[in-house]
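Fold and contact review
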Amino acid sequence: MSATAARRVLLAAPRGYCAGVDRAVITVEKALEQYGSPIYVRKEIVHNKYVVQTLEKKGAIFVDETEEVPEGNIVVFSAHGVAPSVHDEAKAGKLATIDATCPLVTKVHKEALRFAEEDYDILLIGHEGHEEVIGTMGEAPDRTHLVDGAEDVSKVQVRDESKVVWLSQTTLSVDETMQTVDALKTRFPLLTSPPSDDICYATQNRQVIIKQIAAEADLVIVVGSKNSSNSVRLVEVSLEAGAKDAHLVDFAGEIDEAWLEGVATIGVTSGASVPEILVQGVLEWLAERGFGDVQTVTSVEEHLQFSLPKELRRDLRAEAGSAVSE
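Structural notes, computed from the coordinates. Because the structure is a prediction, the values reported are computed rather than measured. (Residues numbered from 1 in each chain as written. Predicted model: local features only at pLDDT ≥ 70, side-chain atom pairs only at ≥ 80, totals over all residues. Heavy atoms only, no water.)

Now for the packing of aromatic side chains. Aromatic ring pairs: the centre-centre distance and the angle between the two ring planes describe each pair. Counting across every chain of the model gives 1 aromatic pair. Ring geometry for Phe-115 against Tyr-120: centres 5.2 Å apart, planes inclined by 75 degrees, an arrangement best described as edge-to-face. A relative accessible area of 4% means that Phe-115 is categorised as buried. Above the face of the Phe-115 ring, Arg-114 is positioned so that its terminal group lies 4.5 Å from the ring centre. Note that Arg-289 overlies the ring of Trp-285, its terminal NZ or CZ placed 3.7 Å from the centroid. (Phe/Tyr/Trp six-rings, centres within 6.5 Å; stacked < 30°, edge-to-face > 60°. Buried < 20%, exposed > 50% of the residue type's maximum accessible area, 1.4 Å probe, protein only. Lys NZ or Arg CZ within 6 Å of the ring centre and 35° of its normal.)

As structure tokens, then:
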């Protein structure tokens, strides 16, 4: 890069929190306010290290399994959703529950249940081991086949090729998912599509704008955690769209100054589970190194909001105590 080359940052909008993440985080905060500590949370409420650490400081206790929660307590289910068996475990453990599952994930659960009841084989496009995939498959485990990319299509075996439907994890790359769908349609010409797109609006919006930015960027920095599927996809999408380099960081301190060598234009975005404070930290870090010219690039405005879980309107402490005394 020449000494006179203009250094600039192209800042993606929309970025960061989606409606489902915002709802889930506020759910834990409100539960702590209303009922006091401890509030247990099964798995990470959202896939972001900073958010989890912040909620822990406020009194949330994160556990891997429902059975780790002492009876008579409250457990919050994460935004990624859980299988029906997990609800059964909570009931058996005499726990009061607050379900913070993103409504868009709940929609996919309901689709899986409906198609299973209609005796379809369900081809679920998603990543093996992801919490959302585990929860969705739990709705109809005997009818659901995981398809983890186009390379899995040849392995799929169904009972009746005229009764096959595809569904998807909500946080995937749109382009990659449609490649898998195309391969499935070649294999199963009578494949049924879901009534509406399963990939969430926020995932799509963040991918659309970073594609636009990446075409002009020497470097893209995606703020997000490594276990955040939609954040990881943003790095992949950036590289596919023409960015010369792209990296995922949780915090500004993880940026390697060597990445800036020869760089004039940096794209910055964040995954759907990332609070804005982390993005601002990255912008400040870049400004200190000569990248103070920040230009916001906007694709669409997001206004969607979800109401909090209905359980927060009930006295869950009384419910949990009464369950123990029975």
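What follows deals with the sheet that holds strand β6 (residues 121-125). Taken in spatial order, the 3 strands line up as β7-β6-β8 in an open sheet, and their pairing is parallel. The open sheet has two edge strands, β7 (144-147) and β8 (164-168), and neither has a second partner. Here the strands of the sheet are splayed against their neighbours by 25 degrees on average, with no regard to which way each runs. Pairing of β6 with β7, which is carried by 4 bridges, proceeds in the parallel orientation. (Pairing = 2+ DSSP bridges. Helix = DSSP H or I, 4+ residues; strand = E, 2+ residues; numbered from the N terminus. Axes fitted to C-alpha atoms, helices over the stretch in contact; angles between N-to-C directions.)

Moving on: the sheet that holds strand β10 (residues 246-249). The 5 strands lie next to each other as β10-β9-β11-β1-β12, forming an open sheet whose pairing is parallel. In this open sheet, the two edge strands, each paired with only one partner strand, are β10 and β12 (294-298). Strand-to-strand twist of the sheet, defined as the mean angle between neighbouring strand axes without regard to direction, takes the value 25 degrees. In terms of strand pairing, strand β9 (residues 219-223) meets strand β11 (residues 265-270) through 5 bridges, oriented parallel. Residue pairing across strands places Val-220 opposite Gly-267, the latter belonging to β11. Where helix α7 (residues 201-214) meets the sheet, it contacts β1 (8-13), β9, β11 and β12, and its direction lies at approximately 160 degrees from that of β1. The strands touched by helix α8 (residues 229-240) within the sheet are β9, β10 and β11, with β10 carrying the most contacts at an inclination of about 165 degrees. (Contact = heavy atoms within 4.5 Å.)

Moving on, we come to helix α6 (residues 174-187). For α6, which comprises 14 residues, the first-to-last C-alpha distance of 20 Å matches the rise-based estimate of 20 Å (1.5 Å per residue) to within 8%. On its buried side, α6 packs onto β6, β7 and β8. (Expected span 1.5 Å × (residues − 1).)

Now for a negative patch on the surface. A contiguous patch of negative charge, built from Asp-64, Glu-67, Glu-68, Asp-88 and Glu-89, is present on the exposed surface. With respect to the helices, strands and loops of the structure, Glu-89 is situated in helix α3 (residues 84-92). Under the relative-accessibility criterion, Glu-89 is labelled partly exposed at 37%. (Patch = residues over 30% accessible without salt bridge, like charges linked within 9 Å, V, L, I, M, F, W, Y side chains within 5 Å. Areas by Shrake-Rupley, 256 points an atom, 1.4 Å probe, with all protein chains shown as cover. Salt bridge = Lys/Arg side-chain N within 4 Å of Asp/Glu carboxyl O. Lys, Arg positive; Asp, Glu negative; His and termini not counted. Charge placed at Lys NZ, Arg CZ, Asp CG, Glu CD.)

Our next topic: the environment of His-130. Within the fold, His-130 resides in the loop between β6 and α5 (131-137). Residue His-130 is classed as buried on the basis of its relative accessible area, which comes to 10%. Spatially, the C-alpha atoms of His-130 and Ser-193 are 22 Å apart, while their sequence positions differ by 63 residues. The contact partners of His-130, leaving out residues within four places of it in the chain, are His-47, His-80, Gln-169, Thr-171 and Ser-229.

Within the secondary structure, His-47 is located in the loop between β2 (39-42) and α2 (49-58). Relative accessible area serves as the criterion here: at 6%, His-47 is assigned to the buried category. Engagement of the side chain of His-47 in a polar contact is seen with the backbone oxygen of Asn-227, the distance being 2.9 Å. Contact partners of His-47, with chain neighbours within four places excluded, come to His-80, His-130, Glu-131, Ser-225, Asn-227, Ser-228 and Ser-273. (Polar contact = N/O pair within 3.5 Å; in protein donor to acceptor, adjacent residues only side chain to side chain.)

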